[in-house]
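Analysis of the macromolecular model
The residues making up each chain are set out below.
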Amino acid sequence: MSTSESEASRPSQERATPDRLLRARTGTDVSPEDLVLAAGKDVTPLTLDWARRKLAQEGPAAVDKLLP
């Protein structure tokens, strides 16, 4: 394998898609259940309380911080 082939197969910072382009929200409201599931947690009264507090502090952007 030549050097140019191995370089082409490696990921490049110049070719990587920036996070700001990967994150998209549908414009719909984010529910506490959505936030709990995005965090990879089970929906329980405790995690729903956590999600409600987080949404009150950060708004719908809270889910953007959890998703890639």
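Anything mentioned here points back to the structure above.
In every chain, residue numbers begin from 1 and rise along the written sequence. Local features in this predicted model are restricted to residues whose pLDDT is 70 or higher, and side-chain atom pairs enter the listing and the counts only when it is 80 or higher, whereas totals over whole chains, interfaces and linings include all residues. The side-chain quantities take in all heavy atoms of the structure and omit both hydrogens and water.

**So, the overall build of the chain**
Strands here mean DSSP runs of E at least two residues long; helices mean DSSP runs of H or I at least four residues long; both are numbered from the N terminus. When its secondary structure is counted, the chain shows five helices and zero strands. Counting helices and strands in the order they occur from the N terminus, the chain gives α-α-α-α-α. Looking at the 68 residues of the chain, the share that counts as buried comes to 16%. In the chain, of all internal contacts separated by at least 6 residues, the share reaching a separation of at least 24 is 43%. Burial classes follow relative accessibility: with a 1.4 Å probe on protein chains only, a residue under 20% of its type's maximum area counts as buried, one over 50% as exposed, and anything between as partly exposed. Note on contacts: a residue pair is in contact if any heavy atoms of the two residues lie within 4.5 Å.

**Re the environment of V30**
Note that V30 resides in the loop between α2 (19-22) and α3 (32-38). Judged by relative accessible area, which is 17%, V30 ranks as buried.

**A word on the pattern of salt bridges**
The working definition used for a salt bridge is a side-chain nitrogen of Lys or Arg within 4 Å of a carboxyl oxygen of Asp or Glu. Inspection of the entire model under this criterion finds three salt bridges. With a shortest N-O distance of 3.0 Å, K54 and E58 are connected by a salt bridge. One end of the pair, K54, and the other, E58, are both in helix α4 (residues 45-58), four residues apart, so they sit about a helical turn from each other.

**Examining the environment of L55**
Of note, L55 is situated in helix α4. Taking the C-alpha atoms as reference points, L55 and S31, 24 residues apart in sequence, are found 8.4 Å from one another.

**A word on the nonpolar core**
As used in this record, nonpolar core signifies buried Ala, Val, Leu, Ile, Met, Phe, Trp, Tyr and Cys residues forming a set joined through side-chain atoms within 4.5 Å. Counting eight residues, the largest nonpolar core consists of V30, L35, V36, L48, A51, L55, A62 and V63. Broken down by secondary-structure element, the contributors of at least two residues to this core are α3, α4 and α5 (61-66). When residues no more than four places from it in sequence are discounted, the contact partners of L48 are P32, E33, V36 and V43.

**So, the side chain of T47**
With respect to the secondary-structure elements, T47 resides in helix α4. A residue is classified by how much of its surface remains accessible, and T47, at 15% relative accessible area, is buried. One polar contact links the side chain of T47 to the main-chain carbonyl oxygen of D42, over a distance of 2.7 Å. The residues contacting T47, other than those within four sequence positions of it, are V36, K41 and D42. Any pair of N or O atoms that falls within 3.5 Å is considered a polar contact. Within protein, one atom must be able to donate a hydrogen and the other to accept it, and sequence-neighbouring residues count only if both atoms are side-chain atoms.

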